[in-house]
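Geometric and topological summary
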Amino acid sequence: MHGRPRKPLKPEDAAASAAKAEKLRVLQSQFLHNHHNHIYSKEAVELSTKLLETNPELYTAWNYRKLAVQHKLTENDSDPDSLKSILDEELRVVESALRQNFKSYGAWHHRKWILSKGHSSIDNELRLLDKFQKADSRNFHAWNYRRFVAASMNRSEEDELKYTEDMICNNFSNYSAWHNRSLLLSNLLKRKVEGFVSKEKVLPDEYEFVHQAIFTDPDDQSGWFYHLWLLDQTVRVDSPQLVSSWPTPGSDLILLGDRCLDGCASSPFTRFHLDSRTFPLVLYFNQAVEGVNSSTITVDSELNTNKDLVWKPLSSCNSKAAQVWVTQLNLPDGNTHSSKVFPVEDSSPISSLYQLSIKNDNELTDFEWRAATIAKEIDHFRELLSLINCKIGKLTLARLLMAHDAMMCPPANKISHSEEVLELYNDLMRLDPTHVQYYKDQHSLVLLQQVTSNWESLLSRCFHYSNSPSNRGSPMCLQLKNLSLSRLGSFDKLLWVQMLDLSHNELRSIEGLEALQLLSCLNLSNNILGSFTALEPIRQLKSLRALNISYNEIGAHSIDTTKYLCSSPLSHSVGSEWNHGQTVIDDDIKSYWEAYFILKGLNLTQFDIVGNAIVNEKFKSFLIKVLPGLKWLDGEQLH
Amino acid sequence: MQRNNSRDAAHRRRWQRCSTAVAATTEMRGAAVVMQKTETLTKKEEHLLLPNAAIAIVPLPDATAPAHLPLLCRQPSAQPPHPAHSFGGGFRFYHLKELCHLLRSTNSFEAEAGRLMTGNESESELPVPPYPPIEPTAFDLIVIGTGLPESVISAAASASGKSVLHLDPNPFYGSHFSSLSIADLTHFLNSHSTPSSVCPDPLYSDVEISNYASRLLSQHPRNFNLDVSGPRVLFCADHAVDLMLKSGASHYLEFKSIDATFMLDADAKLCSVPDSRAAIFKDKSLGLMEKNQLMRFFKLVQGHLSLDESEENDVRISEEDLDSPFADFLTKMKLSHKIKSIVLYAIAMADYDQEVSEYVLKTRDGINRLALYNSSIGRLVLMFQNALGALIYPIYGQGELPQAFCRRAAVKGCLYVLRMPVISLLTDQNSGSYKGVRLASGQDILSHKLVLDPSFTVPGSLASSHQQLQESFQAFSLSDNKGKVARGICITRSSLKPDLSNFLVIFPPRSLFPEQVTSIRVLQLGGNLAVCPVGMFVLYFSALCDEVNQGKKLLHAALSALQKLLVTGTAGNSSTAQSEDMEEAKPTLLWSALYIQDLSLGQFGSIISTPTPDGNLNYNDLLDATEKLYWKLYPKEELFPETTSSPENSEDDAGLTLES
């Protein structure tokens, strides 16, 4: 059913289909009459049969049949024979409807529904499926149904795995078969079925298998999809891990008060410019976790006088799970004017679900085969690319190299492939203009990873503000401007940042920026941010004082596409937070409700917004109302 | 279980066919009863018709009677064979429906059939049947020999409304394309390889038949259908299949797919031939890069073929490349040595060593052969779900093919007479042109045209004494003594590959010995094709050669290579000492026949001579030649025009039956 060109309708065909439509219309109106009057007589049901066998797409008719079956079942409650014949008849109707159109959702669903009533031999279903899958081996309805049948008859997953193998051997361009294989293997690995206990044993064979497909025909997508899944299985660590935190465990923290002293500041990354009575502790995990609280996280600190730290997840959609957790540590009074070294230590943080254990032996061997596998894959694809020019091959190589770097990073920061990867993405942008935005995003992520990979490169991008009263005491500004960044990443390496310059990039969104809890100055000027909703992460940055979003495209687009791009649509949060703490909704708020929503909780003293389409006098006056602490707006001092 | 059932069904069908076959032969005998001798042979003629004499020189009685032209037969045993032969393995044949076309006298039919059905067929008791008279005595076309080319011609001529008499001196259909029992094959080869004064140049020579298990084989006298012109398979998209579908002959045939192709690699191991996308995917011996290269090459070929020649495109292979040797082109495509020989010898089926020989395949032809292979795979997949590969083989042997065309001809009114030798040609005394034939029965039959099987030749020397004939028979002079094909048949007890029974094996040039310049192709068939008892296997092999010694060397090398493969193949199976003893007691190789066949192309004069079986795996070249002969014969007729196709074979591709 795939790869067949569609032919235009011949005039006689068109006439035939018009006649068919006319006949259907008659049938349909009769049927609807029956349906509305709850007529479940034999003739009425037969009418619906006739209708469905010509047009299986009629959902209403399927539902009518469900009602009819239920009606009949209540009538013949006691008799198992008649029960069976009723259900068998339904199965027959579905089958002939599927022959008409085997991609009919309604028909497949009706079949499932009948089976749920029992009284059918499930073996028959497999036989039927074999027929349908022979007719079209990539019919995803049949595959879905197959999973359902296999589950309900407790067919072993190993058998189903063998089946996918057979299907793939017949024709390896069968994405459905590969997909089912990944589902089955995931389950088998999760349940640790015999023979599927460790990924180390299972995955190499799968790599070998998928290589045959990819190398035989690199133009076929199915194999590549499966390879991507395998790569994910190889790289992914099952238990959540604490990737980084601020302050780093065991570090000495130098707190600088308002009147900065040039103490014995050793590293800029542990120096924190304090202007309030509290400072944050941030935990950054490799995946969203739940249940971080004072009983699962122990904080050892001289400051930690108050035992009941309240950990808050930094998520935009009020979920209980988040990658970033933050708490505020209160400073003891009277210490703010002098710098002091406070040793802070987070020890063995435990989430509610998993033990966040330090690397043990098991994980070390695990690491070895993972790294070896990735290295082997890299060699294979380098060889392939030496023969042919293949876009997805390049993309895969780039992903593999990044996975390799990420894996090698903790123990030995030896050779980084980021230059090669950047080159690959540059190539891809040229070769594949349709997906240029994706490649650009990936390019940005790699670039950020490269910049943040070591202290030297980070330091080279750190500057003191020239107008700062003291060069030594004030926090440094990390400059990531003019890098053509379209997406942000590597936040785990940037938790220490207090001043960040992201100007002159191509940012449309600043997703993930909420992790930088220490941020007090943020420059996003000269990007392509399209609306206030794109700034949503800023709501979580409680220490932000200065924000520059000048020369973006806020207000330039009548339709706010960020709503669809961002993983956390703003509308969710709006609904839940709109009502509380609300004083007056005046006209300004109504017209600028997005800006209001983003800015209202912030305590900005300095704000630049010039060069956006939204800016006018009315908006400015609105801003002054919303941000009462504002001292500077677009470089002008306010009274 | 299911398999057994289908085999039973096949046996049943077979039995039904056998009983109708009995009826058919009976019909001919019944006709014989009413025969009247119309002419008596002169004393001289009788002399010339002594056993083993195939030549008859008939003096010209008067100016008005047709001249008798001497006919030299490459088959010395032109005397009527013993009727017992008619029950040899290869004899079968009409549906009752078709019999109606043939059956004129039904009186003796039942009695005869009854007698025969009771199994009273002992050789000595049956008298040599008298010859039936043939009516009418004039036809548009007489065809002698029932090989595939002759059968196609008679079927086509009958289909286009010509009256055709189809004769065969043999008691079975198929001539040199038949499938025979061991005894019949032995007899056939021996009788066609004995040189004599009248037949100095028989079609076969150097026949070596060895029987290592006569007792075992004699238990299965009827269970073998050995192809005389093996190894032969059909490419699913080839000309033969098209013709069968067009003519309706496909209704009488059932096919099975050949499961795989293997090639002898440098380590004398059989490696599989990755001939399709799925096969490349599954292949375990190719490296990932080799897979990629091979698949890209296939795609290049496909891309080339899918584009119009007029189109200027990068995808098309350049004219310069098309005219270059295929081997060079493959090298240019950076294919490894192993893949190169796979493509050359196992897919494009090149006959000669492409590195050194003068018979170099051009890229253009190589690509066309790949195209045939590729479309065969596509067609097979289209027709039969889950059938892999490109090749098919008819159940009951290749001899079914000529029979199917003969049946088609019979349905269209062609008259068949087997066991009827022709002793001389009749020519017009004045013009010297062909008039008719004189049968062994003495009856003269006239026709406008004559088609002869390659066993027969009209000697040029004799023709030259007749001034008028010289010109018309120049075309018949034996100009084709150039090539030979060495053929071998083995019956074994074990398969070369433990898990497969029907497959092709290629020994590419120089894989067996350094002087091997031609590729040897081996076809193994198992009991499920009804060519041998279940549990046994028939192996056919052939190679082109220039002369007999070279051919014998090829055959012996191939035979010993096969035996070596058989030993290594079975070594894994017999682990215990006991079974080793058993193996010793029962040799793996049960029977073998090695023989060398002359090659000749078809000839056209006022008499058509059809080509001998060629050295190819399929019938493409043969049928192309046959089609040309037919066009010469009837320039205005199309070979099986589409319009004549009856509604029954309008289903096109579905008309081909494949048993799974």
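Small disclaimer: the values here were computed from a predicted structure and weren't measured.

1. Here's the deal with the overall build of chain B
- A tally of helices and strands in chain B yields 20 helices and 25 strands.
- In chain B, which comprises 660 residues, the proportion classed as buried is 59%.
- Considering only intrachain contacts with a sequence separation of at least 6, the fraction spanning at least 24 residues in chain B is 75%.
- Within the structure as shown, chain B displays about 26600 Å² of accessible surface, and the carbon and sulfur contribution to it stands at 53%.

2. Re the overall build of chain A
- The secondary structure content of chain A amounts to 21 helices and 16 strands.
- Relative to its 639 residues, chain A shows a buried fraction of 48%.
- A separation of at least 24 residues holds for 64% of the contacts in chain A among residues at least 6 apart in sequence.
- Accessible surface for chain A amounts to roughly 31800 Å². Of this, 52% is attributable to carbon and sulfur atoms.

3. Focus on the packing of helix α6 (residues 122-135) of chain A against helix α7 (residues 140-152) of chain A
Residues and elements named next belong to chain A.
- At a closest axis distance of 10 Å, the pairing of α6 and α7 adopts a crossing angle of 160°. The angle between the axes of α6 and α7 places the two elements in the roughly antiparallel class. For the element pair α6 and α7, the recorded crossing hand is left-handed. For the pair α6 and α7, contact is made by I122, E125, L126, L129, D130 and Q133 and by A142, W143, Y145, R146, V149 and S152, respectively.
- Residues that form the contact of α6 with α7 fall into these classes: 7 nonpolar, 2 polar and 3 charged.

4. Focus on the nonpolar core
- If you look at the biggest cluster of nonpolar residues, it comprises 130 residues, and the most contacted ones within it are L524(A), F532(A), L599(A) and F607(A).
- Each residue touching L599(A), except ones within four places of it in the same chain, is listed here: F532(A), L604(A), F607(A), L623(A), V626(A) and L627(A).
- In this structure, L180(B), L217(B), I339(B) and L372(B) belong to the second largest nonpolar core, which totals 72 residues.

5. Topic: the pairing of strand β10 (residues 260-264) of chain B
All names here are of chain B.
- Burial analysis of β10 places 4 of its 5 residues in the buried class, the great majority of the element.
- Relative to strand β19 (residues 503-507), β10 is paired through 4 bridges, and the arrangement is parallel. Bridging from a neighbouring strand, T261 pairs with L504 of β19.
- Looking at chain direction, β10 and strand β11 (residues 270-272) are connected through 3 bridges and run antiparallel. Residue pairing in the sheet places L264 in a bridge with L270 of β11.
- Between the end of β10 and the start of β11, which pair antiparallel, lie 5 residues, with A268 showing a positive phi angle near 60°.

6. Quick word on the sheet that holds strand β13 (residues 546-548) of chain A
All names here are of chain A.
- Here 8 strands make up an open sheet; going across it, the order is β9-β10-β11-β12-β13-β14-β15-β16 and the pairing mixed. This sheet does not close on itself; its edge strands, each paired only once, are β9 (462-463) and β16 (636-637).
- Examined bridge by bridge, strand β14 (residues 606-608) and strand β15 (residues 632-633) share 2 bridges and lie parallel to one another. Considered in β15, the bridge of F607 is made with L633.

7. Section: a nonpolar patch on the surface
Residues and elements named next belong to chain A.
- Among the surface-exposed residues, Y59, Y105 and F140 lie close enough to one another that they form a single nonpolar patch of about 340 Å² accessible area.
- With respect to the helices and strands, Y59 occurs in helix α3 (residues 59-75).
- Judged by its relative accessible area of 46%, Y59 falls in the partly exposed class.

8. As for the pattern of salt bridges
- This model, assessed by the stated rule, comprises 38 salt bridges over all chains.
- The partner of D88(A) in a salt bridge is K84(A), and the shortest N-O contact between them spans 2.9 Å. Linking D88(A) with K84(A), this pair stays in helix α4 (residues 80-100), spanning 4 residues, or about one helical turn.
- For D88(A), a relative accessible area of 32% translates into the label partly exposed.
- Overall, K84(A) belongs to the partly exposed group, its relative accessible area being 40%.
- Between E637(B) and K162(B) there is a salt bridge, with the nearest N and O atoms lying 2.9 Å from each other. Taken together, the residues E637(B) in the loop between α20 (620-633) and β25 (657-658) and K162(B) in the loop between α5 (148-159) and β4 (164-168) connect sequence positions 475 residues apart.
- When its relative accessible area of 18% is taken as the criterion, K162(B) is described as buried.

9. Let's talk about the confidence of the model for chain B
Residues and elements named next belong to chain B.
- Of all residues in chain B, 67% attain a pLDDT of 70 or more, and the chain-wide mean is 73.
- Across residues 571-585, confidence stays below pLDDT 50; counting only partners more than four residues off in sequence or on other chains, it has 5 contacts.
- With pLDDT under 50 throughout, residues 643-654 is counted as low confidence; its partners more than four residues away or in other chains account for 13 contacts.
- As a predicted assembly, this complex carries a pTM of 0.74 together with an ipTM value of 0.75.

10. Some words on the packing of aromatic side chains
- Within the structure shown, the criterion is met by 35 aromatic pairs over all chains.
- Ring geometry for Y204(B) versus Y595(B): centroids 5.7 Å apart, planes at 70°, classification edge-to-face. Placement of the pair is Y204(B) in strand β6 (residues 204-211) and Y595(B) in strand β22 (residues 589-598), with a sequence separation of 391 residues. For the residue pair Y204(B) and Y595(B), the accessibility class agrees, reading buried in each case.
- Following the ring pairs from residue to residue traces out a cluster consisting of F172(A), W178(A), F209(A), Y226(A), W229(A) and F281(B).
- It is K66(A) that lies over the ring of W113(A); its NZ or CZ is 5.9 Å from the centre.

11. Remarks on the environment of I122(A)
Residues and elements named next belong to chain A.
- On the secondary structure map, I122 appears in helix α6.
- Between the C-alpha atoms of I122 and V149, which are 27 residues apart in sequence, the distance is 7.1 Å.
- With residues up to four places along the chain from it excluded, the contact list for I122 reads L115, V149, S152 and M153.

12. What about unusual backbone geometry?
Residues and elements named next belong to chain B.
- With an omega dihedral of 0°, the bond running from E135 to P136 counts as a cis peptide bond.
- Residue P231 is reached from G230 by a cis peptide bond, and omega for that bond is -5°.
- Within the secondary structure, P231 is located in the loop between β7 (226-227) and β8 (234-235).
- The backbone of Y396 shows a phi angle near 80°, a positive value even though the residue is not glycine.
- Among the structural elements, Y396 can be located in the loop between β12 (391-394) and α15 (400-411).
- One non-glycine residue with positive phi stands out, namely A530, at about 60°.
- Here A530 shows up in the loop between β20 (520-526) and β21 (537-545).

Conventions we followed
Residues numbered from 1 in each chain as written. Chains lettered and ligands numbered in written order. Predicted model: local features only at pLDDT ≥ 70, side-chain atom pairs only at ≥ 80, totals over all residues. Heavy atoms only, no water. Helix = DSSP H or I, 4+ residues; strand = E, 2+ residues; numbered from the N terminus. Buried < 20%, exposed > 50% of the residue type's maximum accessible area, 1.4 Å probe, protein only. Contact = heavy atoms within 4.5 Å. Areas by Shrake-Rupley, 256 points an atom, 1.4 Å probe, with all protein chains shown as cover. Axes fitted to C-alpha atoms, helices over the stretch in contact; angles between N-to-C directions. Parallel < 35°, antiparallel > 145°, perpendicular 65-115°, else oblique. Left-handed = near helix turned anticlockwise from the far one by under 90°. Nonpolar A, V, L, I, M, F, W, Y, C, P; charged D, E, K, R; others polar. Core = buried A, V, L, I, M, F, W, Y, C linked by side-chain atoms within 4.5 Å. Pairing = 2+ DSSP bridges. Patch = residues over 30% accessible without salt bridge, like charges linked within 9 Å, V, L, I, M, F, W, Y side chains within 5 Å. Salt bridge = Lys/Arg side-chain N within 4 Å of Asp/Glu carboxyl O. pLDDT = per-residue confidence, 0-100. Phe/Tyr/Trp six-rings, centres within 6.5 Å; stacked < 30°, edge-to-face > 60°. Lys NZ or Arg CZ within 6 Å of the ring centre and 35° of its normal.

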